[in-house]
Amino acid sequence: MFAKEGKGVLFCETVLPTKGLWQARMDVIPVPKTVQEDAEIFFKSALAEQSEEWGTHNKILSTRGKGLRRTIPKGFPYFNVEWDDGGYAQIIETNTFPKDFGIDTIAGMMDVNPLRFDRKPKAVDHDRGKILEFVKHWKEFDWTLSLDDKETF
């Protein structure tokens, strides 16, 4: 969908234990193609800078060719960023990891203010317009519409 518009997509996932429960956050961020192409360099640098704060395991793990499941052991908290042909993962050993790390890094790549510092109250109908606009663009790619043609049981 975004490739048709000449954009790339960055997927950021943060998985942390919170009060005995696991919480996962997935951000899907459409970006200009040039930003996607620079993601490898920016995230490698950002992860290297922050790794000392998260614990003793400061190795940046590449997910290229093997995916996340074969990179991070089951049951470990982690941060993961993916793009077209690869990505990085980092095991997190502390609960102070910033939940907006991926978005803040991408904001820095695009020279815009990080979201946590630029939060403004939204108008009541603000989200509805954005959702309707997305649905209009998504309709061409929405495979669930073909299910309506089938007989349901």
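Right above here is the structure, for reference.
The written sequence of each chain sets the order in which its residues are numbered from 1. Side-chain atom pairs in this predicted model are given and counted only at pLDDT of 80 or more, local residue features only at pLDDT of at least 70, and totals for whole chains, interfaces and linings cover all residues. Side-chain calculation: all heavy atoms of the structure are included, whereas hydrogens and water are not.

What follows concerns the packing of aromatic side chains. Centres within 6.5 Å make a pair out of two Phe, Tyr or Trp rings, where for Trp the six-membered ring is used; the pair is then stacked when the planes are under 30 degrees apart, edge-to-face when over 60, and tilted otherwise. As enumerated under the stated definition, the model contains 6 aromatic pairs in all. Considering the side-chain rings of phenylalanine 43 and phenylalanine 79, the 6.2 Å spacing of their centres and the 25° angle between planes classify their relative orientation as stacked. Here phenylalanine 79 lies in strand S4 (residues 78-83) and phenylalanine 43 lies in helix H1 (residues 33-54), a separation of 36 residues in the sequence. Side by side, phenylalanine 43 and phenylalanine 79 carry an identical accessibility label, which is buried. With centroids separated by 6.1 Å and ring planes inclined at 10°, the aromatic side chains of phenylalanine 134 and tryptophan 138 adopt a geometry described as stacked. Pair noted here: phenylalanine 134 and tryptophan 138 are both in helix H3 (residues 126-138), with a separation of 4 residues, about one helical turn. Of the residues examined, phenylalanine 134 reaches a relative accessible area of 42% and is grouped as partly exposed. Exposed residues in this analysis have more than 50% of their type's maximum accessible area, buried residues have under 20%, and partly exposed residues fall in between, with area computed by a 1.4 Å probe over protein chains only. Residue classification places tryptophan 138 among the partly exposed residues on the basis of a relative accessible area of 30%. Aromatic ring contacts, followed pair by pair, group Phe43, Phe79, Phe97 and Phe101 into a single cluster. We count a stretch as a helix when DSSP gives it H or I for four or more residues in a row; a strand needs E for two or more, and each element gets its number in order from the N terminus.

This next bit is on the pattern of salt bridges. A carboxyl oxygen of Asp or Glu within 4 Å of a side-chain nitrogen of Lys or Arg is what we treat as a salt bridge. Tallied over the entire structure, the rule returns 7 salt bridges. Of the charged contacts in the structure, one is a salt bridge between lysine 33 and aspartate 84, with a shortest N-O distance of 3.2 Å. Highlighted residues: lysine 33 in helix H1 and aspartate 84 in the loop between S4 and strand S5 (86-91), separated in sequence by 51 residues. With relative accessibility at 34%, the residue lysine 33 sits in the partly exposed group. Look at aspartate 84 and you get exposed, because its relative accessible area is 61%. Where salt bridges share partners, they join Arg25, Asp27 and Asp100 into one cluster.

The next subject is the nonpolar core. Side-chain atoms within 4.5 Å are what join buried Ala, Val, Leu, Ile, Met, Phe, Trp, Tyr and Cys residues into a set we call a nonpolar core. In this structure, Leu10, Cys12, Phe43, Phe79, Val81, Phe101 and Ile106 are the most contacted members of the largest nonpolar core, which totals 20 residues. Among the secondary structure elements, those contributing two or more residues to this core are strand S1 (7-18), strand S2 (21-32), H1, S4 and helix H2 (101-109). In terms of residues, this core owes the most to one element, H1, which gives 5 residues. Excluding anything up to four places from it in sequence, phenylalanine 79 contacts Cys12, Glu13, Thr14, Phe43, Leu47, Tyr88, Ala89, Gln90, Ile92, Phe97, Phe101 and Gly102. In this description, contact between two residues means that some pair of their heavy atoms is separated by no more than 4.5 Å.

So, about the environment of aspartate 27. Relative to the helices and strands, aspartate 27 resides in strand S2. Given the relative accessible area of 15%, aspartate 27 is considered buried. Sequence separation of aspartate 27 and phenylalanine 11 is 16 residues, and the distance between their C-alpha atoms is 5.8 Å. With residues near it in sequence (within four places) discarded, aspartate 27 still touches Leu10, Phe11, Cys12 and Ile103. Polar contacts involving the side chain of aspartate 27 include one to the side chain of arginine 25, which spans 3.0 Å. Between N or O atoms, a polar contact is any pair within 3.5 Å; within protein, one atom must be a potential hydrogen donor and the other a potential acceptor, and residues adjacent in sequence are included only when both atoms are from side chains.

A cavity here means a set of 1 Å grid points, computed over protein atoms only, where a 1.4 Å probe fits but cannot escape. A pocket is an open set with protein on both sides within 12 Å along at least 5 of 7 lines, and lining residues have an atom within 4 Å of a point. Grid points are joined across faces, edges and corners, and a volume is the space filled by probe spheres set on the points. Space inside the second largest pocket adds up to approximately 160 Å³. Taken together, Val15, Leu68, Arg69, Ile72, Pro73, Lys74, Gly75, Phe76 and Tyr78 form the lining of the second largest pocket. Gly counts as polar in this scheme, as do all residues outside two lists: the nonpolar Ala, Val, Leu, Ile, Met, Phe, Trp, Tyr, Cys and Pro, and the charged Asp, Glu, Lys and Arg. Residue composition of the lining of the second largest pocket, by class: 6 nonpolar, 1 polar and 2 charged.

Once that is clear, we can look at the sheet that holds strand S3 (residues 61-62). Here, any two strands with at least 2 DSSP bridges between them count as paired. On the basis of which strands lie adjacent, the open sheet formed by 5 strands has the order S2-S1-S4-S5-S3 and antiparallel pairing. Two strands in the sheet have a free side with no partner beyond their single neighbour: S2 and S3. Judged from the 5 bridges that link them, S1 and S4 form a sheet pairing that is antiparallel. Bridge pairing links phenylalanine 11 to glutamate 82 in S4. Here H2 sits on the sheet and contacts S1, S2 and S4; the angle it forms with S2, its principal contact strand, is near 20°. Here an angle of 0 to 180 degrees is reported between the N-to-C directions of two axes, which are lines fitted to C-alpha atoms, with helices fitted over the stretch in contact.

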